[in-house]
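# Architecture and fold: a report
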Amino acid sequence: DVALKGEFDNSYEILVEDGVMDNLIPDLCSRKFGRTPVVICDENTRELFGLSLIEKLALENIDPLLLTVPAGEKSKSLDVFGSLLEAMLEAGITRQDVVVALGGGVVGDLSGYVAGSYMRGINFIQVPTTLLSQVDSAVGGKVAVNISGGKNYCGMFYQPKRVYSDISALSTLPEREILSGLGEVVKYGFIADRKFAEYLLDNADKILSLDKEVMSAVVARCCEIKADVVSRDEKEGGLRRILNYGHTVGHAIETFSGYKLSHGECVAHGMRIVARACNRAGMLSDSDLKLHQNVMDRLSLATGGLNIRPADIMELMKRDKKVKDGSVVMVALDKVGHAVISDDFPLEIIEAELNEMY
Ligand code: NAD
Ligand code: ZN
């Protein structure tokens, strides 16, 4: 079975645990992933985690190359990508070495692309330190930088050898980053696992206070769901598209806000709108819509108002290539826990919902 073989060739472990970052030390010392570690951080993760990692490795006589990029999306650029490759070459990094991405999705996407490109590809491990990167960007093998024409337009599929998701890293995250990640967390429940959606509802307080046990379970379940969807559709044939639930409307809101709102926040608003539209279209029952709303309310997701003009959002959506003849190709829900791709969801239903809500 060719598909299965591909899956196993690329298989890797995702470790989710409180304190799992400490496992990096023995693993890097054993050199099982490569000789010299090239640790890539941004300014924040350098101070929070990078410098102490380097110190601990120094005690073991390992002398990594530490590279730091400015924090924020602007580092996902061809310029920064190029300068990292140059710095690695200058330091004498070879194909026997290993890139360690230590940071959020920006560092992960950028470092993965660096690892995939340097000398046609060297080993790569991910240490995601934001909730969004732990539940989303570190799983699935998409790595990229942005070009002026579009976000993530220059990249590849490149799988890490291992992912270390340390729950304790989340404790320093600003609330806004937590909420952004939670937007993606609830998405997994809505599209694929009703029990998980109910678990999120029942444990909302512990989630919001970042209870380590609950958050470990949450992150692990999100990784399982994403890995399951992705492994059945590694290069985005069909199934993987359900991961875009809430994203078509969400992207329009994100663009409209001039990227002032976080991605997860926009997706959260997108999911609220789409769930209501699915209910209006007769696909999603009233009680399931209520469950959807309760989960979002209890986790404080997209609870505030949104300063948008429905007509502008519709205009932005219509520019999308997924729109044709008054309908849109969109991820819809027919149950909480089950997503379907609708090839012709009526735009007027979304518009009616937007007009009612905003
Ligand atoms: P980010 O990497 O910019 O991190 C957000 C901020 O948090 C940064 O300022 C960072 O320095 C800081 N930070 C990181 N860890 C911290 C910690 N533990 N404590 C305190 N501060 C910390 O953003 P993100 O939200 O993690 O990732 C967004 C990126 O992920 C986008 O570029 C997006 O395109 C990408 N993404 C990729 C995929 C994929 O499949 N590859 C999926 C979703 C998103
Ligand atoms: Zn997203």
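Residues numbered from 1 in each chain as written. Chains lettered and ligands numbered in written order. Predicted model: local features only at pLDDT ≥ 70, side-chain atom pairs only at ≥ 80, totals over all residues. Heavy atoms only, no water.

By the assigned domains, the protein chain splits into domain 1 (2-172) and domain 2 (175-357). Centre-to-centre, using C-alpha coordinates, domain 1 lies 28 Å away from domain 2. Between domain 1 and domain 2, the contact holds 21 residues from the first and 24 residues from the second. A buried area of about 2,000 Å², summed over both sides, lies between domain 1 and domain 2, and 69% of it is on carbon and sulfur atoms. Across the pair Lys 226 and Asp 136 runs a salt bridge, and its minimum N-O distance is 2.7 Å. Here domain 1 and domain 2 share four residue pairs in polar contact (both at pLDDT 80 or more) between them. When residues of the side of domain 1 that touches domain 2 are traced back to their parent elements, those giving at least two are strand E1 (13-17) and helix H6 (131-137). Top element by residues in the side of domain 1 that touches domain 2 is H6. It accounts for five residues. In terms of residue class, the side of domain 1 that touches domain 2 is made up of nine nonpolar, seven polar and five charged. (Domains from an automatic or database assignment. Contact = heavy atoms within 4.5 Å. Buried area = accessible area lost by both parts, 1.4 Å probe. Salt bridge = Lys/Arg side-chain N within 4 Å of Asp/Glu carboxyl O. Polar contact = N/O pair within 3.5 Å; in protein donor to acceptor, adjacent residues only side chain to side chain. Helix = DSSP H or I, 4+ residues; strand = E, 2+ residues; numbered from the N terminus. Nonpolar A, V, L, I, M, F, W, Y, C, P; charged D, E, K, R; others polar.)

The subject of this paragraph is the site of ligand 1. Among the 25 residues in the neighbourhood of ligand 1, the closest are listed as Asp 42, Glu 73, Thr 130, Lys 151 and Thr 172. One of the backbone nitrogen or oxygen atoms of Gly 105 is found 2.8 Å away from an oxygen atom of ligand 1. For ligand 1, whose free accessible area comes to 870 Å², the fraction covered by protein is 85%. Elements with a minimum of two residues in the shell around ligand 1: helix H3 (43-59), helix H5 (105-117), H6 and strand E7 (150-157). Sorting elements by how many residues they give to the shell around ligand 1 places H3 first, with four residues. (Near = heavy atom within 4 Å. Areas by Shrake-Rupley, 256 points an atom, 1.4 Å probe, with all protein chains shown as cover.)

Attention now goes to the sheet that holds strand E11 (residues 338-346). One open sheet holds the three strands; their spatial order is E9-E10-E11, and the pairing between them is antiparallel. Strands at the two margins of the open sheet, each flanked by one partner only, are strand E9 (323-324) and E11. Here strand E10 (residues 327-335) pairs with E11 via seven bridges, running antiparallel. Paired with Val 331 across the strands is Ile 341, a residue of E11. Against the sheet, helix H15 (residues 347-357) makes contact with E9, E10 and E11, and its axis sits at roughly 100° relative to E11, the strand it touches most. (Pairing = 2+ DSSP bridges. Axes fitted to C-alpha atoms, helices over the stretch in contact; angles between N-to-C directions.)

With 18 residues, helix H12 (residues 263-280) extends 26 Å from end C-alpha to end C-alpha; this agrees with the ideal 26 Å at 1.5 Å per step. Of all 18 residues in H12, 14 are buried, a share of seventy percent or more. Once H12 ends, the next one or two residues include Gly 282, with phi positive near 85°. (Expected span 1.5 Å × (residues − 1). Buried < 20%, exposed > 50% of the residue type's maximum accessible area, 1.4 Å probe, protein only.)

Here we come to the coordination of the zinc ion (ligand 2). Distances from the zinc ion (ligand 2) to its protein donors, Glu 184 (OE), His 247 (NE2) and His 263 (NE2), fall at 2.0 to 2.2 Å. Coordination of the zinc ion (ligand 2) draws on donor residues from a single chain, spaced E-x62-H-x15-H in sequence. Highlighted residues: Glu 184 in helix H7 (residues 175-192) and His 263 in helix H12, separated in sequence by 79 residues. By relative accessible area, Glu 184 is classed as buried at 0%. His 263 sits in the partly exposed class, given a relative accessible area of 25%. (Donors = N, O, S within 2.8 Å, 3.2 Å for Na, K, Ca; no water.)

What follows deals with empty space enclosed by the protein. All told, the structure shown has one cavity of 30 Å³ or more when counted by the stated rule. Space inside the largest cavity adds up to approximately 30 Å³. If you trace the largest cavity, you find it lined by Phe 124, Gln 126, Ser 137, Ala 138, Val 139, Gly 140, Gly 141, Lys 142, Val 143, Tyr 158 and Pro 160. At the level of secondary structure, the elements contributing two or more residues to the lining of the largest cavity comprise strand E5 (123-128) and strand E6 (142-147). Taken together, the residues of the lining of the largest cavity sort by class into six nonpolar, four polar and one charged. (1 Å grid on protein atoms, 1.4 Å probe; cavity = no way out; pocket = protein on both sides within 12 Å on 5 of 7 lines; lining within 4 Å. Points joined across faces, edges and corners; volume = space filled by probe spheres on them.)

This next bit is on the pairing of strand E4 (residues 98-103). For E4, the tally of buried residues reaches six of six residues, placing the bulk of the element in the interior. One ladder, built from four bridges, connects strand E2 (residues 37-42) with E4; its direction is parallel. The residue bridging Ile 40 from the neighbouring strand is Ala 101, located in E4. As for the winding sense of the linkage, the β-α-β connection from E4 through H5 to E5 is right-handed. (Right-handed = clockwise from strand over helix to strand, strands pointing away.)

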